[in-house]
Structures are given as structure tokens and as C-alpha cells.
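A closer look at the structure
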Amino acid sequence: DVKVTQSSRYLVKRTGEKVFLECVQDMDHENMFWYRQDPGLGLRLIYFSYDVKMKEKGDIPEGYSVSREKKERFSLILESASTNQTSMYLCASSLVGGRKLFFGSGTQLSVL
Amino acid sequence: DQQVKQNSPSLSVQEGRISILNCDYTNSMFDYFLWYKKYPAEGPTFLISISSIKDKNEDGRFTVFLNKSAKHLSLHIVPSQPGDSAVYFCAASDYSGGGADGLTFGKGTHLIIQP
């Protein structure tokens, strides 16, 4: 069965901390994505990657960076967390040429 | 600039009746549309999709209709059940990216099924 695993369900961090959100997929998918979901704003794309070591900015990349050293793993990095980055973060993956995204369970991040 | 719009933040429907969720889009390059369902504290799960070469797709209780000229799609759930209570996201894919650049999502509609 298709599986996208996010390392933490809930995280609480302090302003200014460096935060790593990890995502692993076991489906051998080429494409991986990071979205954030906020009430009333839907899902917004932060970064995506179509291959190892490749990354592209999405709609709201400011304040974030990503790393994809292995095909199955896509990490989201908050260099210096701020309160406006409190959100639900969702990782997803898809096959090359595929339109359907498979999502992880999400990480609810609170920045205090 | 919102390219996928779900204008109803919430919708309340009685159990057993039909639920109709609407979605409008503005980008003519969208050629594939999906609906996702999301429960609180969980990731979205795929529900149903439709290609722009079709105007209807059915899967059990779920049917999606696409009106390309109006740039409008709708999701029908018949009959509605309590487990259908969730947030529903409409999403669209641009053919130029081939799927590699992800989906554009609407803001979601919170469907509440009343007993």
C-alpha cells in the first residue's frame, strides 16, 4: 500500500529555532512536495522536487528551504522559525507524469 | 490571484440527501481535476478525478461533473452519510508541468452531514 510518512505529528518550537521536517515515501515516486494548510487558505505549495538534488520553488517559498539527497526522502527546513510559520505541513509524492498526489498524515507545527 | 475557487466555506446537508460541492477555476491550462477529502489532523486522501476530455466521472456514491466552457466542476455525493463529514478540496493540474509541479488547491468546503 502507498505510504508517505512524516516523522512528527506534532511539534512545538521557539521563535528563531532551526526546524527540520522529514518526509519519507516508499513508493519509488520521483516527485515530492511540501504544502502548508491554514484555515481559510487551503493548501499552498512551498517547494517541490522532481528528482534527487533537484528543487523548485512553489508559491510561498520565503522562509523555507528543502533538501532531497535520496529519492525517498524530502526534508523541509525552517532556517529561523517565526510565529507566522505555525501551520499544518503536508508532504506528498507522485509518479513522474502522474497527477494524483499521495499525502502523509501531516505535521502540526506550533512556533511560540 | 486565486486560480481555483471554492466559494462555500461550509455546507450542511441532511443524512441520506445529496451533497453538491462546487468549484470554479480561471486557468485555461488546467486539464485534470481532483477532489480530496480531509479529516482533522490527517492528510488529504484522494476521492475522485476527471480529465478535461470528459464531462462526468462516477465512482460509487461520488460523481464529478466538469463544465469546461463555464470553467466549473462539481462533486455530487449520493446518498450523504455521516462519515462524509470532512473538508473537501478541489484541485487542478496544469498540463504544461506534466504533474511535476503539483496541484493547485481551492480553500476547501467543510461538509457537515446532519443526522
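Here we summarise the structure given alongside this text. (Residues numbered from 1 in each chain as written. Chains lettered and ligands numbered in written order. Predicted model: local features only at pLDDT ≥ 70, side-chain atom pairs only at ≥ 80, totals over all residues. Heavy atoms only, no water.)

1. Things to note about the sheet that holds strand β8 (residues 73-78) of chain A
Residues and elements named next belong to chain A.
- Across the sheet, four strands lie side by side as β1-β3-β8-β7; this open sheet has antiparallel pairing. Edge positions in the open sheet fall to β1 (4-6) and β7 (64-70), since each of these has one partner strand only. Here the strands of the sheet are splayed against their neighbours by 20° on average, with no regard to which way each runs.
- Bridging between β7 and β8 involves five bridges; their strand directions are antiparallel. By the bridge assignment for β8, Tyr-64 is matched with Leu-78. (Pairing = 2+ DSSP bridges. Helix = DSSP H or I, 4+ residues; strand = E, 2+ residues; numbered from the N terminus. Axes fitted to C-alpha atoms, helices over the stretch in contact; angles between N-to-C directions.)

2. Here we look at the sheet that holds strand β8 (residues 72-77) of chain B
Residue and element names in this part refer to chain B.
- Taken together, five strands build an open sheet; the order of strands is β1-β3-β8-β7-β6 and the sheet is antiparallel. Edge positions in the open sheet fall to β1 (4-5) and β6 (56-59), since each of these has one partner strand only.
- Looking at chain direction, β1 and strand β3 (residues 19-25) are connected through two bridges and run antiparallel. Residue pairing across strands places Lys-5 opposite Asp-24, the latter belonging to β3.

3. Some points on the interface of chain B and chain A
- Taken residue by residue, the interface counts 23 residues in chain B and 24 residues in chain A.
- Our count for the chain B to chain A interface comes out at one salt bridge.
- A salt bridge links Asp31(B) to Arg99(A); its shortest N-O distance comes to 2.8 Å.
- Taken together, the links from chain B to chain A amount to seven residue pairs in polar contact (both at pLDDT 80 or more).
- Looking at the side of chain B that touches chain A, the elements that each hand over two or more residues are β4 (30-38) and β9 (86-94) of chain B.
- Sorting elements by how many residues they give to the side of chain B that touches chain A places β4(B) first, with five residues.
- Grouping the amino acids of the side of chain B that touches chain A by side-chain chemistry returns eleven nonpolar, six polar and six charged. (Contact = heavy atoms within 4.5 Å. Salt bridge = Lys/Arg side-chain N within 4 Å of Asp/Glu carboxyl O. Polar contact = N/O pair within 3.5 Å; in protein donor to acceptor, adjacent residues only side chain to side chain. Nonpolar A, V, L, I, M, F, W, Y, C, P; charged D, E, K, R; others polar.)

4. Remarks on the nonpolar core
- Ranked by size, the top nonpolar core spans 23 residues in total, and within it Phe33(B), Trp35(B), Leu73(B), Leu75(B) and Tyr88(B) carry the most contacts.
- Top contributing element to this core by residue count: β9(B), with four residues.
- With residues up to four places along the chain from it excluded, the contact list for Leu75(B) reads Ser19(B), Ile20(B), Leu21(B), Trp35(B), Leu47(B), Ile48(B), Phe62(B), Thr63(B) and Tyr88(B).
- Ranked by size, the runner-up nonpolar core spans 21 residues in total, among them Trp34(A), Tyr47(A), Val66(A) and Leu78(A). (Core = buried A, V, L, I, M, F, W, Y, C linked by side-chain atoms within 4.5 Å. Buried < 20%, exposed > 50% of the residue type's maximum accessible area, 1.4 Å probe, protein only.)

5. Things to note about unusual backbone geometry
- Of note, the amide linkage connecting Val78(B) to Pro79(B) takes the cis form, showing an omega dihedral of -15°.
- Here Pro79(B) is to be found in the loop between β8 and β9.
- In the Ramachandran plot, Lys53(A) falls in the positive-phi region, its phi being about 65° despite a non-glycine side chain.
- Take Lys53(A): its relative accessible area is 57%, and that puts it in the exposed class.

6. Regarding the state of the cysteines
- Counting across every chain of the model gives two disulfides over all chains.
- Residue pairing for Cys23(A): its cysteine sulfur links by disulfide to Cys91(A), the two sulfurs lying 1.9 Å apart. Residues Cys23(A) and Cys91(A) share a disulfide whose torsion about the S-S bond is about -75°; that sign makes it left-handed. With Cys23(A) in strand β3 (residues 19-25) and Cys91(A) in strand β9 (residues 87-94), this residue pair connects regions lying 68 residues apart in the sequence.
- By relative accessible area, Cys23(A) is classed as buried at 0%.
- A relative accessible area of 0% places Cys91(A) in the buried class.
- Put simply, Cys23(B) and Cys90(B) are joined by a disulfide, and their sulfur atoms are 2.0 Å apart. Of note, the bridge from Cys23(B) to Cys90(B) carries an S-S torsion of about -75° and is left-handed in sense. Pair noted here: Cys23(B) is in strand β3 and Cys90(B) is in strand β9, with a separation of 67 residues, a long-range link. We note that Cys23(B), like Cys90(B), is buried. (Disulfide = S-S within 2.5 Å.)

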